[in-house]
Structure formats: structure tokens, C-alpha cells
Amino acid sequence: MLRHYRALHEHAQTTNNPHSSQTSKKEMVNEALVNMVIKDSQPFSIVDDDGFRELLHVLDPTYVIPTRKGLKAMVDHKYKEAKEKAREQLQKVAAISLTSDMWTSLNMDAFLAVTCHFIDDNDKLCTILLGVEHFPKSHIAENLATGHIKLMEEWGIKDKVKCLVTDAAANMIACVRSLNVRHAICIAHALNLIVRKSFDDISSFNDIRSKCRKLVTYFRTSTTAKERLAQVQEQMGRPVLKMIIEVDTRWNSTYNMLGRVYQLREAVGAALASLKTDSTPPPALEYEAVQDALDVLAPFRQATVELSGEKRVSASKVIPLMKMLNHAVMSKLEGLKSNLTRQLGDSLGRRVRENALHLESLSVMTIPTLLDPRFKKLGFLSQGKLQEAISRLKAECATVIRSSGLHSASTNTPPAQLPASSGAGQSSNSDLWHLLDSTVDHNRMSSSATADATVEVDRYLSEVNLTRSEDPLVYWAQHKHLYPHLYQLALTFLCTPASSVPCERIFSKAGEVLSKKRNRLSPNTLEKILFLNKNNV
């Protein structure tokens with residue numbers, strides 16, 4: 001009973017005595033213990049481990065280690081405080097973008113993860129994990145939409161969500177359509193499809209991939225072959241590297257596999273010569289094709305890595321990056337030695353251009369690009385699409401001006417300029433002339449808002465671009481008073497991430513938390529731990 005009292009109730013009895021050093025130290029240790037469980041994915045049962053208890057006893061013999069139930073209660077309390085703090089922060093922001101994805105745990109339980117992205121009062125890009133909710137229902141669009149609506153209402157952000165980023169799955173696309181918000185396809189998935197389909201276009205290249213995969217599988221599954229390859233690398237005075245196998249769902253794993261096969265081509269050849277196996281190394285011409293393919297695919301790998309970040313503005317990079325990818329592929333075609341890889345390059349270039357033209361038709365991609373002072377008009381592949389995007393930006397800006405009521409004072413005619421007779425009889429004729437007068441006022445306001453939007457957008461676009469290393473949010477913090485309406489649009493559009501990678505990172509951490517050692521962890525507790533971990537609480 002004494003141990004239970006000290007672990008769970010002593011804190012409540014001593015809060016009125018903040019000067020107690022013993023209580024203060026106990027609270028600090030408790031906080032550190034909770035943080036260790038959250039940050040290091042440790043199970044609650046760690047408080048029952050003999051080695052851990054011995055360590056804490058050596059560090060502080062007076063400290064009473066809480067029970068598993070007590071430790072879980074501390075995590076629950078910390079979660080409630082952190083969630084309330086996050087909710088208060090979201091109430092202050094003007095616009096929010098979400099990313100969403102599904103995950104299946106080792107217990108075959110489905111989870112829906114949603115992350116939230118916004119620009120705060122200090123003009124900083126912020127990310128909050130809203131939830132990783134157990135999703136036992138079928139993954140049809142209607143159920144997914146209901147899950148998203150429930151989460152948005154719980155956080156009080158339903159009217160602030162401007163965009164939802166997902167993969168290109170049909171159920172996700174239909175879900176976003178029913179939510180009536182802008183939809184952005186994860187650019188990482190788009191690049192994966194571009195490269196994978198280009199691979200499929202060139203059957204001869206897929207044959208080389210198959211040979212490389214078979215070779216890699218041999219060295220990864222045979223202990224003798226693996227050890228022999230390591231010995232050969234040591235004899236050559238090179239660092240010992242292992243083979244990398246590709247994953248069907250990620251094209252960059254194919255890039256890594258081919259890169260490692262080419263890097264170890266000499267060691268592989270020497271190792272195979274001393275092994276009794278039917279596996280043979282690729283011939284010189286195929287190695288040449290692999291080298292050329294790596295050269296062509298390198299920009300795609302760089303683009304995938306860059307657009308998967310969540311610390312900087314990224315949606316505005318998508319259109320310029322597609323333009324640069326097209327340029328990179330076209331420039332590399334001239335130096336390719338292999339006819340096979342020239343075909344691959346042609347297919348990649350064609351698919352990149354098709355994708356770029358599609359993206360340049362979407363306001364969710366074009367407006368962020370124009371609002372990014374690093375890119376503006378320079379990022380577009382099609383000049384026709386550029387002019388359409390500028391028109392959309394002006395229309396959005398005019399809408400902001402009309403809704404804010406901050407349009408030019410010239411829309412209101414000064415009373416001194418009104419005819420003297422206009423005042424007389426105004427009250428008697430107000431009902432009679434109401435429709436005409438309101439129509440005139442609306443047209444005057446709309447015309448002025450459109451003119452003011454045109455001036456503001458043209459003046460902004462005429463400025464010199466920032467360098468690519470500069471932060472666009474710093475620019476908008478400094479120019480919010482010069483371009484007040486475009487600043488409001490920047491808050492709305494620049495918070496959108498280019499990919500749904502933030503959700504995939506959640507799932508990577510979820511796999512660590514819900515491990516074999518913690519396979520009985522409830523979905524509710526899993527969500528709390530992930531919330532605290534990913535929100536750096």
C-alpha cells in the first residue's frame with residue numbers, strides 16, 4: 001500500500017509544497033522515466049526488469065519506482081496535457097493541410113494516420129500528428145471520409161482544412177472528393193509510378209534487373225557466398241559492403257540495388273570465380289547499361305529525397321522540380337552509350353512531361369509555386385499553363401480582398417460628390433431601387449477588388465526572385481504588410497507538404513513501438529505514445 005501511495009498519490013499531496021527538494025527530484029525522475037518510454041519505445045514492463053530496477057536503486061536509493069499501471073497513468077496524463085496544448089495552437093492558425101495514409105500492424109490491425117501542417121503566428125512551418133486511430137471498418141471511401149470528418153471535428157479544424165495529401169489509391173481519391181477539399185497526390189508516389197512504368201516499357205532493362213536481383217539474392221542467402229564476397233573486398237583493400245535487394249513498392253530501392261551491384265562488380269566477379277554456383281555476373285555490356293541507367297535515374301533519386309522533407313516549404317517545389325527533371329533527363333540522353341538506356345531515358349522524359357503538364361493544371365500545385373518567391377513564374381514548363389495559373393492567383397487574391405473588406409477606398413463615392421437630390425427621397429425609394437442599387441454596389445466592389453488584386457499580384461511577380469537556399473516564409477514575414485492579401489494566400493497554400501511521407505514516418509515509428517515485445521499494446525495506448533513521440537512532447 002505504501003508503494004502504491006508513493007507511486008500514484010504522493011504527488012497530489014505535495015503540490016502545495018513546491019519547495020520540497022525531495023518531491024521535486026521525484027517529479028524530475030518520473031518525467032525522465034516517462035520520456036524514456038516515449039522516445040525510446042520502451043515497454044511499460046521495463047519498471048519490472050531487474051537490471052533497470054538495480055540501476056535506479058544505485059542512482060537514487062530513495063526513489064520508489066512506479067508500477068506499470070502507474071507509469072501508464074503518467075503517460076495518459078502527459079498525453080491529455082499535450083493534446084490540449086496542440087488544440088489551442090490549432091485554433092489560432094488560418095489554414096491547415098493534412099496528410100493521410102493507412103497502415104496494418106503485425107497484429108493485422110488497420111490504422112488511419114493523419115498529420116496536420118500549418119504556418120504558425122511566427123511564420124514557421126509546423127507539423128502535428130493528429131491521430132493514429134484504429135480502423136476496423138472496410139477501407140471504402142465512405143468509411144475513410146467518416147474517419148477524417150470525426151478527427152477534424154474532434155480537433156475543431158473542419159473549416160480550416162484546405163488540402164489533403166494522400167497516395168493515388170482509388171479509395172483515397174474518392175474519400176477526398178467527398179470531403180470537398182483540395183486534393184494533392186503524394187509526389188513521392190507519383191515519381192515512383194513514373195520510374196516503375198518506364199521500367200516496364202523497356203523489357204530488356206527489366207531482364208537486367210532480374211539478373212541483378214537473382215545475383216543479389218544468392219549473396220544474401222548463401223553464407224558461403226556472403227563470406228567469400230567479404231574476403232575478396234578485404235583482399236582488394238576496400239571497405240566491406242553488403243548487397244542490397246530491391247523492394248517492389250519503392251523504385252529508389254532498385255536504384256540502390258543496381259548501384260551496389262555496379263560498385264561491387266569486380267569483387268562479385270572474383271568471388272563467383274571461386275564459388276561452385278550457376279550464378280554468373282552480368283556481361284560488360286549490361287554493366288555499361290546499368291552505369292548509364294544510374295546516371296539517368298540519379299536526378300529522380302535526388303528529387304525523391306528532397307521532396308520527402310517536412311521541415312521546409314515543399315509543395316511549391318513540385319512544378320519547378322518536374323521541369324528540372326525533364327531538363328536533366330534530356331541533357332543526359334546525349335551522353336548515354338547504351339541504346340537500352342536511351343530508350344529508358346526517352347520513356348522517363350515523356351512521362352515527366354505528361355505529369356508536369358497535369359500538375360500545371362492544378363491550383364493546389366500552381367498557386368504555391370507562384371507564391372514561392374524563389375520560383376514564381378520560372379518553374380513552369382508550359383507558358384500557357386503559366387498564364388492560367390496567374391489568372392487563378394489573381395482570382396484568389398480578389399476573393400480575399402472582397403471577403404476582408406479591405407478593397408480600395410475608391411469604390412466608395414464621397415458624399416460630397418453625390419447629387420444634392422440623391423439624399424431626398426432615398427428612404428422612400430430604398431425598397432423600390434434596392435435590387436438595382438445592390439447590383440451596382442456589388443459590381444463596383446467586384447471591379448475594384450479585381451483591379452487591386454491585379455496590381456498586387458503583378459507588383460509581386462515583377463520583383464526579383466529569391467535564391468533557392470532562402471526561406472520563403474521569412475520573405476512573407478517581411479512583406480506581409482506590403483502584400484497583405486497574398487500573405488493570406490501564402491498561409492493557406494504554402495503549408496501543404498509535397499508528399500505523404502510524414503504519415504509513413506509515423507508508421508515506421510509505430511512498427512518500433514508495436515513490436516513483438518509489446519504486441520499486446522492497445523490501439524488507444526499506441527496512439528498516445530505515437531502522439532507524444534512524433535510531436536516531440
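Residues numbered from 1 in each chain as written. Predicted model: local features only at pLDDT ≥ 70, side-chain atom pairs only at ≥ 80, totals over all residues. Heavy atoms only, no water.

Caption draft 1: Representation of the nonpolar core within the structure. If you look at the biggest cluster of nonpolar residues, it comprises 96 residues, and the most contacted ones within it are Ile187, Phe219, Phe300, Met322, Leu371, Trp476 and Leu486. Looking at which element gives the most residues to this core, the answer is helix α13 (residues 284-307), with ten residues. Once you skip the residues sitting within four places of it in the chain, Met322 turns out to touch Ile187, Leu191, Ile194, Val352, Asn355, Ala356 and Leu359. In this structure, Leu56, Val114, Trp155 and Ile506 belong to the second largest nonpolar core, which totals 61 residues. (Core = buried A, V, L, I, M, F, W, Y, C linked by side-chain atoms within 4.5 Å. Buried < 20%, exposed > 50% of the residue type's maximum accessible area, 1.4 Å probe, protein only. Helix = DSSP H or I, 4+ residues; strand = E, 2+ residues; numbered from the N terminus. Contact = heavy atoms within 4.5 Å.)

Caption draft 2: Representation of the pairing of strand β1 (residues 96-104) in the model. With respect to burial, β1 is a largely interior element, eight of its nine residues being buried. In the sheet, β1 pairs with strand β4 (residues 161-166) via four bridges, with the strands oriented parallel. Bridge assignment links Leu98 to a residue of β4, and that residue is Leu164. As defined by bridge partners, β1 adjoins strand β2 (residues 110-119) across eight bridges and the pair is classed as antiparallel. Considered in β2, the bridge of Ser100 is made with Val114. Counted along the chain from β1 to the antiparallel partner β2, the turn is five residues long, and its residue Met108 has a positive phi close to 65 degrees. (Pairing = 2+ DSSP bridges.)

Caption draft 3: Main features of the environment of Ile244. Topologically, Ile244 is positioned in the loop between α10 (223-235) and α11 (251-263). Separated by 24 residues in sequence, Ile244 and Arg220 have C-alpha atoms that sit 8.4 Å apart. Those residues within four positions of Ile244 in sequence are excluded, and the remaining contacts are Val216, Arg220, Asn256, Met257 and Arg260.

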